[in-house]
Amino acid sequence: GGDFFSSPVTVELRSGTAAAVPGGEIPIAVVIGIADHHKVYADTLEVKKGEGAGFTIVRTVSEKPVVKFDEATGETRPLYMNRALVNVFVRPDAPEGEVSIRLTVGYQACSQTVCFLPETQDASITLPVAPPGSLPLMQNADLFLADRQEPDLSSPGSGEGEGSSDFTQRTPIVAILLAFAFGL
């Protein structure tokens, strides 16, 4: 029966490379959209391999949650509002032709007044496999956290220049992602 709420949470996978490079890692951004006036508890958020997965999760990096007093539970808890971002680096078992990555995301969401039961959503993405030895074509760089774990806000003296340093501060992420893709 009947009165089903649609989930206040959406899950989408975006790849950091346009194709899988044989022997390399594939950076996957798990973009978790959270409806207005809702939150997801960071301590309930879990990303794992989905069914029939022919790959290994090498590591995951999560965006830092906000730590706030939560009226629903009466405790101070780490939580995500609007969006949560998890970067998952996977290595396909035997990439040929194309690689399908299926992940299962578990979480508990709450509105301002009610908490939903913990739930899971599956999401998948399929990538072509690039010829051996080719360079990975990077994409969706804004969804990867490599050099954004500690925002610059903590060092007030770093604001010299008229925004021209913005590009140079983001350039290392490309080098870091390239290094990851080649397993260097």
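Residues numbered from 1 in each chain as written. Predicted model: local features only at pLDDT ≥ 70, side-chain atom pairs only at ≥ 80, totals over all residues. Heavy atoms only, no water.

Peer 1: Even after reading the chapter, I still don't get the sheet that holds strand β5 (residues 55-62), so can you show me in this structure?
Peer 2: Hydrogen bonds between backbone groups are what pair the strands of a sheet, and the pairing can be parallel or antiparallel. With antiparallel pairing, four strands are arranged side by side in an open sheet as β1-β2-β8-β5. The open sheet has two free edges, formed respectively by β1 (9-15) and β5, since each of these has just one partner strand. The sheet shows a mean angle of 25° between the axes of neighbouring strands, direction not considered. Examined bridge by bridge, strand β2 (residues 26-34) and strand β8 (residues 83-92) share eight bridges and lie antiparallel to one another. Following the sheet pairing, Ile32 is matched in β8 by Ala84. (Pairing = 2+ DSSP bridges. Helix = DSSP H or I, 4+ residues; strand = E, 2+ residues; numbered from the N terminus. Axes fitted to C-alpha atoms, helices over the stretch in contact; angles between N-to-C directions.)

Peer 1: Before we go on, may I ask you to explain the pattern of salt bridges in this structure?
Peer 2: Side-chain pairs of opposite charge can arise where the charged atoms are in close proximity. Under the counting rule described, the total for this entry stands at eight salt bridges. The shortest N-O distance in the salt bridge between Glu25 and Arg59 comes to 3.0 Å. With Glu25 in the loop between β1 and β2 and Arg59 in strand β5, the pair connects residues that are 34 residues apart, well separated along the chain. In this structure, the salt-bridge partner of Arg102 is Asp122, at a minimum N-O distance of 3.9 Å. Residue Arg102 is found in strand β9 (residues 98-107), and its partner Asp122 is found in strand β11 (residues 119-128); the two are separated by 20 residues along the sequence. The class for Arg102 is partly exposed, based on a relative accessible area of 33%. Classification of Asp122 as partly exposed rests on a relative accessible area of 44%. (Salt bridge = Lys/Arg side-chain N within 4 Å of Asp/Glu carboxyl O. Buried < 20%, exposed > 50% of the residue type's maximum accessible area, 1.4 Å probe, protein only.)

Peer 1: How do you make sense of the state of the cysteines when you look at a structure like this?
Peer 2: Should the sulfur atoms of two cysteines be covalently bonded, the bond is a disulfide. Throughout the structure, instances matching the rule amount to one disulfide. Paired through a disulfide, Cys110 and Cys115 show a sulfur-sulfur distance of 1.9 Å. Handedness of the Cys110-Cys115 disulfide follows from its S-S torsion of about 100°: it is right-handed. (Disulfide = S-S within 2.5 Å.)

Peer 1: How do you make sense of the packing of aromatic side chains when you look at a structure like this?
Peer 2: Each aromatic ring pair is characterised by the separation of its centres together with the angle its planes make. Tallying each qualifying case throughout the model produces zero aromatic pairs. Directly above the aromatic system of Phe89 lies the positively charged group of Arg59, at a separation of 4.1 Å from the ring centroid. The positively charged end of Arg77 is found above the aromatic ring belonging to Tyr41, 3.7 Å away from the centroid. (Phe/Tyr/Trp six-rings, centres within 6.5 Å; stacked < 30°, edge-to-face > 60°. Lys NZ or Arg CZ within 6 Å of the ring centre and 35° of its normal.)

Peer 1: It is not clear to me how the side chain of Arg77 should be interpreted in this structure. Could you clarify?
Peer 2: Inspection of the secondary structure assignment puts Arg77 in strand β7 (residues 75-80). Under the relative-accessibility criterion, Arg77 is labelled buried at 14%. There is a polar contact of 2.8 Å between the side chain of Arg77 and the side chain of Asp43. Excluding residues that lie within four positions of it along the chain, Arg77 makes contacts with Tyr41, Asp43, Thr44, Val66, Val67, Lys68 and Asp70. (Polar contact = N/O pair within 3.5 Å; in protein donor to acceptor, adjacent residues only side chain to side chain. Contact = heavy atoms within 4.5 Å.)

Peer 1: Can you walk me through the nonpolar core in this structure?
Peer 2: Side chains of a nonpolar character, in soluble globular proteins, are inclined to be buried together. Ranked by size, the top nonpolar core spans 30 residues in total, and within it Val30, Ile32, Ile101 and Leu103 carry the most contacts. Breaking this core down by element, the ones donating at least two residues are β1, β2, β8, β9 and β11. In this structure, Val31, Leu85, Leu143 and Leu145 belong to the second largest nonpolar core, which totals six residues. (Core = buried A, V, L, I, M, F, W, Y, C linked by side-chain atoms within 4.5 Å.)

Peer 1: Honestly, the environment of Pro136 in this entry has me stumped. Any pointers?
Peer 2: When you line up the elements, Pro136 lands in the loop between β11 and α1 (165-182). A residue is classified by how much of its surface remains accessible, and Pro136, at 9% relative accessible area, is buried.

Peer 1: I keep staring at unusual backbone geometry and nothing clicks. Help me out?
Peer 2: The bulk of non-glycine residues show a negative phi, and the bulk of peptide bonds are trans. The phi dihedral of His37 falls on the positive side, at around 65°, and the residue is not glycine. Looking at where His37 falls in the secondary structure, it is placed in the loop between β2 and β3 (38-41). For Asn140, which is not glycine, the phi torsion reads 55° and is therefore positive.

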